[in-house]
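An overview of the molecular structure
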Amino acid sequence: MDAQDAWHQPLRHIKSDDVSPDTVQSDGMRRYEAISGRLTGSASIWLGQTHVAGGASSANHHHGESETGIYVVSGHPVFVFVEGNEERRIEASPGDFVFVPPFTPHREENPTPDAEAVVVIARSTQEAIVVNLESLFGH
């Protein structure tokens, strides 16, 4: 699409009831697609939401070549990854941002037993790439 064709394209409004759970999932969490090529015709970004139930942990996973930006909406999710040979933890709060580089194994945990953690996810690829792993060390 050239600049002339792109001029004055309509905005798209995705209501909370219109997000799609039809995306790759990991045990312990639910991902919802909101802005993507499939749902809105987006050419460059993927945006959605992830919910982790109270006391739950996701499976270990990575997002392939995709960079992932995370914004914490509610709850206190913990992001676990490996640095060198040690497991590291980022304890996040509402308003915090987390960047996940491509191919970095990680998992999300929600240590709060009675409150769901909700985050907004932005990806640099149109496909919501999720590769589930047995461990954070990639085995």
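Further up the page is the structure itself.
Small disclaimer: the values here were computed from a predicted structure and weren't measured.

Examining the side chain of His 51
Take His 51: it is sitting in strand E2 (residues 46-52). We classify His 51 as buried; its relative accessible area is 17%. Of note is the side chain of His 51, whose polar atom sits 2.7 Å from the side chain of Gln 49. A polar atom in the side chain of His 51 sits 3.1 Å from the side chain of Glu 116. Dropping the residues within four chain positions of it, His 51 is found in contact with Met 29, Arg 30, Tyr 32, Glu 116, Ala 117 and Val 118.

A word on the layout of surface pockets
Space inside the largest pocket adds up to approximately 230 Å³. As for the largest pocket, its lining consists of 10 residues, and the residues nearest its centre are Pro 10, Arg 12, Thr 40, Gly 41 and Ser 42. Here the lining of the largest pocket is composed, by residue class, of 5 nonpolar, 4 polar and 1 charged. In this structure, the second largest pocket spans a volume of roughly 180 Å³. Contributing to the lining of the second largest pocket are Ile 14, Lys 15, Ser 16, Val 19, Tyr 32, Ala 34, Leu 47, Gly 48, Gln 49 and Val 120. Counting only elements with at least two residues in the lining of the second largest pocket, the list comes to strand E1 (30-35) and E2. Taken together, the residues of the lining of the second largest pocket sort by class into 6 nonpolar, 3 polar and 1 charged.

The rules we used
- Residues numbered from 1 in each chain as written.
- Predicted model: local features only at pLDDT ≥ 70, side-chain atom pairs only at ≥ 80, totals over all residues.
- Heavy atoms only, no water.
- Helix = DSSP H or I, 4+ residues; strand = E, 2+ residues; numbered from the N terminus.
- Buried < 20%, exposed > 50% of the residue type's maximum accessible area, 1.4 Å probe, protein only.
- Polar contact = N/O pair within 3.5 Å; in protein donor to acceptor, adjacent residues only side chain to side chain.
- Contact = heavy atoms within 4.5 Å.
- 1 Å grid on protein atoms, 1.4 Å probe; cavity = no way out; pocket = protein on both sides within 12 Å on 5 of 7 lines; lining within 4 Å.
- Points joined across faces, edges and corners; volume = space filled by probe spheres on them.
- Nonpolar A, V, L, I, M, F, W, Y, C, P; charged D, E, K, R; others polar.

Distances and angles like these do not, on their own, reveal function.
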